[in-house]
Amino acid sequence: MEARHSAHCVEEAEDVVKELRAALEKAGISLPSLGLDPVSLAREAPRPLVELGRCSVETARRIAAAVVR
């Protein structure tokens with residue numbers, strides 16, 4: 001049962017990353033490092049964290065503008 005919950009948790013996190021990537025692309029923003037943090041997946045009961053990664057000042061500015069809308 002716990003393994004199934006863990007797998008579902010990771011699948012849900014992967015889906016969220018895909019949704020975020022699509023939303024960012026729609027706004028003309030690309031975060032090449034966007035993905036799941038591998039350390040947060042390495043636990044017996046994973047608690048996935050989304051890794052946004054680094055971005056340029058211009059990309060950060062575009063993200064801020066998109067969030068404010």
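Residues numbered from 1 in each chain as written. Predicted model: local features only at pLDDT ≥ 70, side-chain atom pairs only at ≥ 80, totals over all residues. Heavy atoms only, no water.

A. Just the overall build of the protein chain, in detail. The secondary structure content of the protein chain amounts to three helices and two strands. Mapped in sequence order, the helices and strands of the protein chain form the string α-β-α-β-α. The C-alpha atoms of the protein chain give 14 Å as radius of gyration, which overshoots the globular expectation for 69 residues (11 Å, by more than 25%). Projected onto its principal axes, the C-alpha coordinates of the protein chain cover approximately 45 × 20 × 20 Å. A buried classification covers 20% of the 69 residues belonging to the protein chain. Long-range contacts, defined here as pairs at least 24 residues apart, represent 44% of the contacts in the protein chain between residues at least 6 apart. Here the protein chain contributes 10 positively and 11 negatively charged side chains, and the mean placements of these two sets differ by 8 Å. (Helix = DSSP H or I, 4+ residues; strand = E, 2+ residues; numbered from the N terminus. Rg over C-alpha atoms; globule rule 2.2 N^0.38 Å. Buried < 20%, exposed > 50% of the residue type's maximum accessible area, 1.4 Å probe, protein only. Contact = heavy atoms within 4.5 Å. Lys, Arg positive; Asp, Glu negative; His and termini not counted. Charge placed at Lys NZ, Arg CZ, Asp CG, Glu CD.)

B. The nonpolar core, seen in detail. In terms of nonpolar packing, the biggest core is built from seven residues, these being Ala 13, Val 17, Leu 24, Ile 29, Leu 31, Leu 34 and Leu 36. Ranked by the residues each element gives to this core, the list is headed by helix H1 (residues 2-26), at three residues. If we ignore the near neighbours within four places in the chain, the residues touching Leu 34 are Val 17, Leu 20, Arg 21, Leu 24, Val 50, Glu 51 and Leu 52. (Core = buried A, V, L, I, M, F, W, Y, C linked by side-chain atoms within 4.5 Å.)

C. Summary view of a nonpolar patch on the surface. A surface patch of nonpolar side chains, amounting to about 280 Å² of accessible area, comprises Val 16, Leu 20, Val 50 and Leu 52. Residue position: Leu 52 is located in the loop between strand S2 (50-51) and helix H3 (57-68). (Patch = residues over 30% accessible without salt bridge, like charges linked within 9 Å, V, L, I, M, F, W, Y side chains within 5 Å. Areas by Shrake-Rupley, 256 points an atom, 1.4 Å probe, with all protein chains shown as cover. Salt bridge = Lys/Arg side-chain N within 4 Å of Asp/Glu carboxyl O.)

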